[in-house]
Amino acid sequence: LTALDGSRFPITRTGLRWFDHAGASPLSMDAVDAIARWASAVATDGRATAEPTVATVRALAGDLLGVAAADLAFTGNTTEGIGLVAAGIRWSDDDRVVVAECEFPSNLYPWLMLRERGVRVDVVPLASLSEAVGSGPRPTVVAASWVQYARGERIDLAALAHAAHARGALLVADVIQGTGAIPCDLAAWDVDIAVTGGHKWLLGPAGTGLVYVSERARDVVHPFAPGWASVTPHDDYADYRFELLPDARRFEGGTQATGLLAGLGASIMLLQTAGVPSIWEHIDGLCDRLIEGLPSIATVLSDRSAGGRSGIVTFALDGIDPAWAVGELRRAGFVLRARGGGMRFAPHGYTSPDDVDAFLATIRAWGQR
Ligand SMILES: Cc1ncc(COP(=O)(O)O)c(C=O)c1O
């Protein structure tokens, strides 16, 4: 009935029905157990086999994103990943960044900061992103989300990468709203740099993130905060040759949040066991189920075309303030947020059709008032 086993998610036994995976996800017992095992190990052996954990999680993440593990660096969150990219490029005042105007602040502010350095930053409507990339001065970087946070509009990253490369630009994609929910193949799509975080659709703990820096982009993005972990060899701290690691680990300066990464690894394993294609099919079915059942006072604000759809459906109800509605719904046990001018519904692989039906029954009662 569901793609992921709901019994692995304690939230399903609390009476809450969680439709906020675009915000943050409740942890599975797989993640909880992995973090607890890590904590117990640190308590008794001190070092707690940190290195193998990190290497294993990197490999799992590489498979999920469709990239080589060697091209991935861990961060604390998505914002940090975008920041290290923006801060790591050697900008000059003839550089240009093109970014979509509806982005989450974390994929806009690091670029806007560059205006202080004389970089031209063009903030353009999402619909005219490719056109803006193709005209005007040659862009250095094109930055956009795979899936928009507010209404879930998904773009074709392969097409945007193609448009960027035609002008010699790098594509930096914020992929946090898609990874874990929608099959992802970043290297095949020729994305240069991608950034994500663990606590939404990846079902991992907060405080984990990943940045993918393709081999091509590694000549352009320099480590922003290098340290002992960025160099080879890194077991002799008195060896100051400062030789950066050839792979993306050069972006990791210091000690990782290994316990949280263990939790992220368990979460990715859970996703991979079910398979992201099945999870996506399930999520997409729940989104359709929601839309089909909405009362006539509802307007769906999300793009539901085959290529534009995602795990987010944002809808408005005539005469009902979304902020009021999500507060009322929370009291009735439904968790979602007001975003993009409506209510943002974001189910996952363990969400059941019954959850959606119970939600619809509550909403439909409003439509009949
Ligand atoms: C598209 C997008 N990018 C970045 C973020 C921020 O992520 P983090 O808190 O991991 O930095 C969010 C969070 O809502 C988001 O939706």
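For the structure itself, look to the data block above.
Everything numeric in this text was worked out from a predicted model, so none of it was measured. (Residues numbered from 1 in each chain as written. Predicted model: local features only at pLDDT ≥ 70, side-chain atom pairs only at ≥ 80, totals over all residues. Heavy atoms only, no water.)

Details of the pairing of strand E2 (residues 72-75)
Line of reasoning, step 1. Side chains Leu72 and Phe74 project from E2 onto one buried face, and the interleaved Ala73 and Thr75 project onto a second face that is buried too.
Line of reasoning, step 2. As paired strands, E2 and strand E8 (residues 209-213) are joined by four bridges and run antiparallel to one another. Within E8, the residue paired with Leu72 across the bridge is Tyr212. (Buried < 20%, exposed > 50% of the residue type's maximum accessible area, 1.4 Å probe, protein only. Helix = DSSP H or I, 4+ residues; strand = E, 2+ residues; numbered from the N terminus. Pairing = 2+ DSSP bridges.)

Comments concerning the sheet that holds strand E3 (residues 96-100)
Line of reasoning, step 1. The seven strands are arranged E2-E8-E7-E6-E5-E3-E4 in an open sheet whose pairing can be described as mixed. Of all strands in the sheet, those with a lone pairing partner are E2 and strand E4 (120-124), marking the two edges. Each adjacent strand pair in this sheet contributes to an overall mean axis angle of 15°, direction not counted.
Line of reasoning, step 2. Where strand E6 (residues 170-174) and strand E7 (residues 193-197) come together, three bridges link them in parallel fashion. From the neighbouring strand, Ala173 faces E7, where its bridge partner is Ala194.
Line of reasoning, step 3. Of the strands in this sheet, E2, E6, E7 and E8 are in contact with helix H3 (residues 78-88), which crosses E7 at around 155°. (Axes fitted to C-alpha atoms, helices over the stretch in contact; angles between N-to-C directions. Contact = heavy atoms within 4.5 Å.)

Some remarks on the site of the ligand
Line of reasoning, step 1. Surrounding the ligand, one finds Asn77, Thr78, Thr79, Phe104, Ser145, Tyr149, Asp174, Ile176, Gln177, His199 and Lys200.
Line of reasoning, step 2. One nitrogen or oxygen atom from the side chain of Thr78 is found 2.9 Å from an oxygen atom belonging to the ligand.
Line of reasoning, step 3. Taking Lys200, its side chain carries an N or O atom lying 2.6 Å from an oxygen atom of the ligand.
Line of reasoning, step 4. Notes on the ligand: free accessible area 400 Å², of which the protein chains cover 88%. (Near = heavy atom within 4 Å. Polar contact = N/O pair within 3.5 Å; in protein donor to acceptor, adjacent residues only side chain to side chain. Areas by Shrake-Rupley, 256 points an atom, 1.4 Å probe, with all protein chains shown as cover.)

Some thoughts on helix H10 (residues 353-367)
Line of reasoning, step 1. Between its terminal C-alpha atoms H10 stretches 21 Å, which fits the 21 Å expected from 15 residues at 1.5 Å a residue.
Line of reasoning, step 2. Listed as buried for H10 are Pro353, Asp355, Val356, Phe359, Leu360, Ile363 and Trp366. Taken around the axis of H10, the buried residues stretch over an arc of 150°, which confines them to a single face.
Line of reasoning, step 3. Buried positions along H10 lie against strand E1 (17-18), helix H8 (276-293), strand E10 (313-317), helix H9 (322-331), strand E11 (334-335) and strand E13 (342-345). (Expected span 1.5 Å × (residues − 1). Arc of directions from axis to C-beta.)

Remember that the coordinates give geometry; whether it matters functionally is a separate question.
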